[in-house]
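Structure assessment
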Amino acid sequence: MRIILTGGGTGGHIYPALAFINYLKSVEPDSEILYVGTKRGLENKIVPASGINFKTVDVQGFRRSLSFENFKTIAKFLKSTGEAKQIIKDFHPDAVVGTGGYVAGPVLYAAEKLHVPTLIHEQNSIPGITNKFLSKHVNRIAVAFEAAKPFFPAEKTSFAGNPRAQEVADLQKTDVLEREYHLEKDKKTVVIFGGSRGAQTINEAVKQALPELDKQAFQVIYASGQIYYDEDKEIFAPYENTGHLAIRPYISNMLEVFAAADLVLCRAGATTIAEVTALGLPTIFVPSPNVTADHQTKNAQALVDVGAAKMIRDADLTGELMIKTINEVFSDEENYQRMAENSRKAGVPDASKRLYNLVKEIIK
């Protein structure tokens, strides 16, 4: 199979694509894969580092407000569509698959004009602007949340889950708590983070809570983000390696840490949700208010509704409420186990396989 993958800007669009590529290679080792992204997006670093053939087009996203920049965006879209057409003609793919982000727009649009089978994958419960536009032009649409289905044409939309889940589901617990964080392997462990760059609201709540967190029956790994780590070094220093708290700017082996954790408090990005549900982790979500159409709240609500998670509004988060909610989860073991089971049930461990089958269908 010859496949072009495209998607970028954030890890939420890139990691599902990479997970699908890994699955494709496992079932069809001779597959030829090309990834199309931009030079400015995160994909420009992540994809080549994964050993995947990578090409770029020059495109930028639309401003949501009236702006002269949007005229430049339209011009770049037309130019990048021409660039994408040439890439597609040179590669001769059997199908083109997009996972979102503005780079997917011209690539999938060019594929449609060249009559190459196309599929898009939407990770969030509320679709992004690019996938909404592409839904009129592609052959099939796969969604990670049932709640996203009504936004797309019913006749070509299928639930698939998030391919990232399939990579995570079989992770085994390691000694990472003791080895890297000097924590106890058998103590309840909470992982707190606000994304790769951190989140100000979560950081403020953790700072408020530090004296009390150091006294709790559970232990904490906190990833602050580099900017907050640098700003608050003096505040963190007395608690950084107490044997009860471990504070780091960034956790590079987050999946290994997740596999050893008992509870997560975090934002509600689609990739994170795929990871925690694949592992059956109860989660306390603090959705970011700074995302399109408040989609993180919708993402989190889907797990709250099935009893797999709790949610705290960003505006409501305090250190006191953080500790109170964590203790509520841990204080009732029967309910904790129920949350873990509901989290596992919400996961879709065969998402890559489902996406693969959809791609096979459009190629026929």
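All of the points below concern the structure found in this document. Note that this is a predicted model, so its numbers are computed, not measured.

1. Details of the pairing of strand S6 (residues 140-143)
Both faces of S6 are covered, namely the face carrying Arg140 and Ala142 and the face carrying Ile141 and Val143. With four bridges joining them, strand S5 (residues 118-122) and S6 adopt parallel strand pairing. Within the sheet, the bridge partner assigned to Ile120 lies in S6 and is Ile141. On the question of chirality, the crossover connecting S5 to the parallel S6 by way of helix H5 (residues 129-134) is right-handed. In this sheet, strand S7 (residues 157-159) lies alongside S6 in parallel orientation, the contact comprising three bridges. Note on S7: the bridge partner recorded for Ile141 is Thr157.

2. As for the environment of Gly194
You can see Gly194 is positioned in the loop between strand S8 (189-193) and helix H8 (200-213). Distance from Gly194 to Thr242, taken between C-alpha atoms, is 22 Å for residues 48 residues apart in sequence. Dropping the residues within four chain positions of it, Gly194 is found in contact with Ala199, Ile202, Ala223 and Arg267.

3. Let's talk about the packing of helix H12 (residues 270-279) against helix H13 (residues 295-305)
Axis separation between H12 and H13 bottoms out at 10 Å; the angle between their running directions is 20°. Classified by the interaxial angle, the pair formed by H12 and H13 is roughly parallel. In this structure, H12 crosses over H13, and the sense of that crossing is right-handed. Of the residues in H13, those touching H12 at Ala270, Ile273 and Thr277 are Asn299, Ala300 and Leu303. Its residues assigned to classes, the contact of H12 with H13 shows four nonpolar, two polar and no charged.

4. Observations regarding the pattern of salt bridges
Per the counting criterion, the structure on display carries 21 salt bridges. The shortest N-O distance in the salt bridge between Glu112 and Lys113 comes to 3.7 Å. Between Glu167 and Arg164 there is a salt bridge, with its nearest N and O atoms 3.3 Å apart. Note that Glu167 and Arg164 are positioned in helix H6 (residues 164-168) at a spacing of three residues, about one turn of the helix. Classification of Glu167 by relative accessible area gives partly exposed; the value is 30%. A residue is classified by how much of its surface remains accessible, and Arg164, at 12% relative accessible area, is buried.

5. Structural notes on the packing of aromatic side chains
Two numbers describe a pair of aromatic rings. These are the distance of the centres and the angle of the planes. In the structure shown here, the tally under the stated rule is 10 aromatic pairs. Each ring, one from Phe77 and one from Tyr109, has its centre 5.7 Å from the other, and the planes form 50°; the classification is tilted. Placement of the pair is Phe77 in helix H3 (residues 69-91) and Tyr109 in helix H4 (residues 104-113), with a sequence separation of 32 residues. Classification of Tyr109 as partly exposed rests on a relative accessible area of 21%. Ring geometry for Phe77 against Phe133: centres 5.9 Å apart, planes inclined by 85°, an arrangement best described as edge-to-face. Residue Phe77 is located in helix H3, and its partner Phe133 is located in helix H5; the two are separated by 56 residues in the primary sequence. The structure contains a cluster of three or more aromatic residues connected by ring pairs, namely Phe77, Tyr109 and Phe133. When the ring centre of Phe91 is taken as origin, the NZ or CZ atom of Arg2, which lies over that ring, is 4.2 Å away. Over the ring of Tyr15 we find Arg164; its NZ or CZ atom is 5.0 Å from the centre of that ring.

Cut-off values and rules
The residue count restarts for each chain, going from 1 along the sequence in the order it is written. This being a predicted model, a pLDDT of at least 70 is required before a residue's local features are given, and a value of 80 or more before pairs of side-chain atoms are given or counted; all residues contribute to the totals for chains, interfaces and linings. Heavy atoms from the whole structure form the basis of all side-chain values; hydrogens and water molecules are not counted. Each residue is assigned to one of three classes by its accessible area relative to the maximum for its type, calculated with a 1.4 Å probe on protein chains only: buried under 20%, partly exposed between the two thresholds, exposed over 50%. Strands are runs of DSSP state E lasting at least two residues, helices are runs of H or I lasting at least four, and both sets are numbered from the N terminus onward. In this scheme, strands are said to pair when DSSP sees at least two bridges between them. Note on handedness: a clockwise path from strand one over the helix to strand two, with the strands aimed away from the viewer, defines a right-handed crossover. Residues count as neighbours in contact if any of their non-hydrogen atoms are within 4.5 Å of one another. A fitted line through C-alpha atoms represents every axis, and for helices the fit uses only the stretch in contact; the resulting angles, taken between N-to-C directions, go from 0 to 180 degrees. Geometric relationships in this document are graded by angle, where less than 35 degrees denotes roughly parallel, more than 145 denotes roughly antiparallel, 65 to 115 denotes roughly perpendicular, and other angles denote oblique. Throughout, a crossing is termed right-handed when the near helix is turned clockwise from the far one, and left-handed when it is turned anticlockwise from it by less than a right angle. Any residue outside Ala, Val, Leu, Ile, Met, Phe, Trp, Tyr, Cys, Pro, Asp, Glu, Lys and Arg is labelled polar, Gly included; the first ten of those are nonpolar and the last four are charged. Between Lys or Arg on one side and Asp or Glu on the other, a salt bridge is scored when a side-chain nitrogen of the former is within 4 Å of a carboxyl oxygen of the latter. For this analysis, a ring pair means two rings from Phe, Tyr or Trp (six-membered ring only for Trp) whose centres lie within 6.5 Å, classed as stacked if their planes differ by under 30 degrees, edge-to-face if by over 60, and tilted for the remaining angles. Note on criteria: charge over ring means Lys NZ or Arg CZ within 6 Å of the ring centre, with the direction from the centre no more than 35 degrees off the ring normal.

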